[in-house]
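# Chain and residue survey
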Amino acid sequence: AIGRMFCYHRTFILTRALAQHRAICPRTTRNEPRVIADVRAVPQSIPPQGVQRRLMATLFSAQSVYNAAQIIAFTPLPLAAVFFTGSEVYAGLPSTITLVGRALVAYPIGWFMGKVGRRLGISFGFSLSVAGTLLCAYALLAGSFALFCLGALINGFGRGAGEQARYAAADIVPPDREARAIG
């Protein structure tokens, strides 16, 4: 009975999503391309070559430093879990919580960046990572595993937002170079 109820619920949700999709994207002819992406998130013009190089260098530098900091912060998570709990059973919990945070923030931060711009969204993500890392450091000093896991979750939120910086690079280059910019 539960399986049948789940199946009906899933069918209802899929049917409703399809109806909403058809209301937003009406049927087109076979030769006419469909517009899937939100046009507001894509810049209307490509910046000049000099501006492109400066923006790409800035994005590349910020993303490189950010990824190095994330590697440094991510490595001791299992060691801290073993330190707090005294058991190796929970060693993967903070890393898993970080991954869950990355997954949970993916859609909301994309929506946020579409509304306020990529620069503010990426800055917000970097700020979340700093706040999560500081909370983890405080939890280590206070000896609180729950606070440490909360810091790992917030750090995951920031990491999910910060990883969208490479898609910002695709917005500033011509369409034939987008794949290389995303890299």
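Residues numbered from 1 in each chain as written. Predicted model: local features only at pLDDT ≥ 70, side-chain atom pairs only at ≥ 80, totals over all residues. Heavy atoms only, no water.

## Some details on helix 2 (residues 49-74)
Keep this limit in mind: Each helix corresponds to a stretch of at least 4 residues labelled H or I by DSSP, and each strand to a stretch of at least 2 residues labelled E; elements are numbered beginning at the N terminus. Given the number of residues in a helix, its expected span is that number minus one, multiplied by 1.5 Å. Accessibility here uses a 1.4 Å probe with only protein chains present; expressed as a share of the type maximum, an area under 20% marks a residue as buried, one over 50% as exposed, and anything in between as partly exposed. Whether two residues are in contact is decided by their heavy atoms, any of which lying within 4.5 Å being enough.
End to end, helix 2 covers 36 Å across 26 residues, agreeing with the expected 38 Å (1.5 Å per residue, within 8%). The set of residues buried in helix 2 consists of Gln 52, Gln 63, Tyr 66 and Gln 70. Packed against the buried residues of helix 2 are helix 5 (118-142), helix 6 (145-162) and helix 7 (165-171).

## A word on the pattern of salt bridges
The criterion, for reference: Salt bridge criterion: a side-chain nitrogen from Lys or Arg within 4 Å of a carboxyl oxygen from Asp or Glu.
Scanning all chains against the criterion turns up three salt bridges. When the shortest N-O distance is used, the salt bridge between Arg 118 and Asp 171 registers 2.6 Å. Taken as a pair, Arg 118 in helix 5 and Asp 171 in helix 7 lie far apart in primary sequence, 53 residues in all. Arg 159 is the partner of Glu 163 in a salt bridge, and the nearest nitrogen-oxygen pair spans 3.5 Å. A relative accessible area of 26% means that Glu 163 is categorised as partly exposed. For Arg 159, a relative accessible area of 16% puts it in the buried group. Several salt bridges share partner residues, and in doing so they unite Arg 102, Arg 159 and Glu 163 into one network.

## Section: the packing of aromatic side chains
Note the threshold: Only centres within 6.5 Å qualify two rings of Phe, Tyr or Trp (six-membered ring in Trp) as a pair; their planes then separate them into stacked at under 30 degrees, edge-to-face at over 60, and tilted for everything else. In this analysis the charged atom, NZ for Lys or CZ for Arg, is taken to sit over a ring once it is within 6 Å of the ring centre and within 35 degrees of the ring normal.
The final tally for this structure, using the stated rule, is five aromatic pairs. On the numbers, 5.9 Å between centres and 55 degrees between planes, the contact of Phe 84 with Phe 145 is tilted. Taken together, the positions of Phe 84 in helix 3 (residues 77-85) and Phe 145 in helix 6 put the pair 61 residues apart, joining distant regions of the chain. A centroid spacing of 5.5 Å and a plane angle of 55 degrees characterise the contact between Phe 84 and Phe 148, whose relative ring orientation is tilted. Separated by 64 residues along the polypeptide, Phe 84 in helix 3 and Phe 148 in helix 6 bring together distant segments of the chain. In terms of burial, Phe 84 and Phe 148 fall into one category: buried. Across the ring face of Phe 74, the terminal group of Arg 159 is positioned such that the distance to the ring centre comes to 5.4 Å.

## Observations regarding the confidence of the model for the protein
Where we set the bar: Per-residue confidence from the predictor is reported as pLDDT, which spans 0 to 100.
Looking at the protein as a whole, the pLDDT averages 79, with 75% of positions reaching at least 70. When pLDDT is averaged over each element of the protein, helix 6 comes out on top at 93 and helix 1 (residues 2-24) at the bottom at 47. Scored below 50 in pLDDT, residues 25-30 shows four contacts in the model against residues more than four places distant or in partner chains. Across residues 32-43, where pLDDT falls below 50, the model places nine contacts with residues more than four positions away in sequence or in other chains.

## Let's talk about the layout of surface pockets
Keep this limit in mind: Site definitions follow a grid-based scheme: protein atoms alone, a 1 Å grid, a 1.4 Å probe that fits but cannot get out for cavities, and for pockets an open set with protein on both sides within 12 Å along at least five of seven lines, plus lining residues having an atom within 4 Å of a point. Grid points are joined across faces, edges and corners, and a volume is the space filled by probe spheres set on the points. Each residue gets one label: Ala, Val, Leu, Ile, Met, Phe, Trp, Tyr, Cys and Pro are nonpolar, Asp, Glu, Lys and Arg are charged, and the others, such as Gly, are polar.
By volume, the second largest pocket is sized at about 220 Å³. If you go around the second largest pocket, you meet 13 residues; those closest to its centre are Met 56, Leu 59, Phe 60, Ala 169 and Ala 181. When residues of the lining of the second largest pocket are traced back to their parent elements, those giving at least two are helix 2, helix 7 and helix 8 (178-182). The leading source of residues in the lining of the second largest pocket is helix 2, at seven residues. Among the residues making up the lining of the second largest pocket, the classes are represented as seven nonpolar, three polar and three charged.

## A few points about helix 4 (residues 93-116)
To keep it simple, the criterion reads: The seven residues ending at a residue and the seven starting there each receive a fitted axis; the angle between those axes is the bend at that residue.
Over its 24 residues, helix 4 runs 33 Å from end to end, which matches the ideal 34 Å to within 8%, given 1.5 Å per residue. Ala 106 marks the point of greatest bend in helix 4, at about 40 degrees, and the proline Pro 108 comes within the next four residues. All buried positions along helix 4 are accounted for by Pro 94, Ser 95, Ile 97, Thr 98, Gly 101, Val 105, Ile 109 and Met 113. On its buried side, helix 4 packs onto helix 2, helix 3, helix 5 and helix 6. Gly 117 sits one or two positions beyond helix 4 and adopts a positive phi of about 110 degrees.

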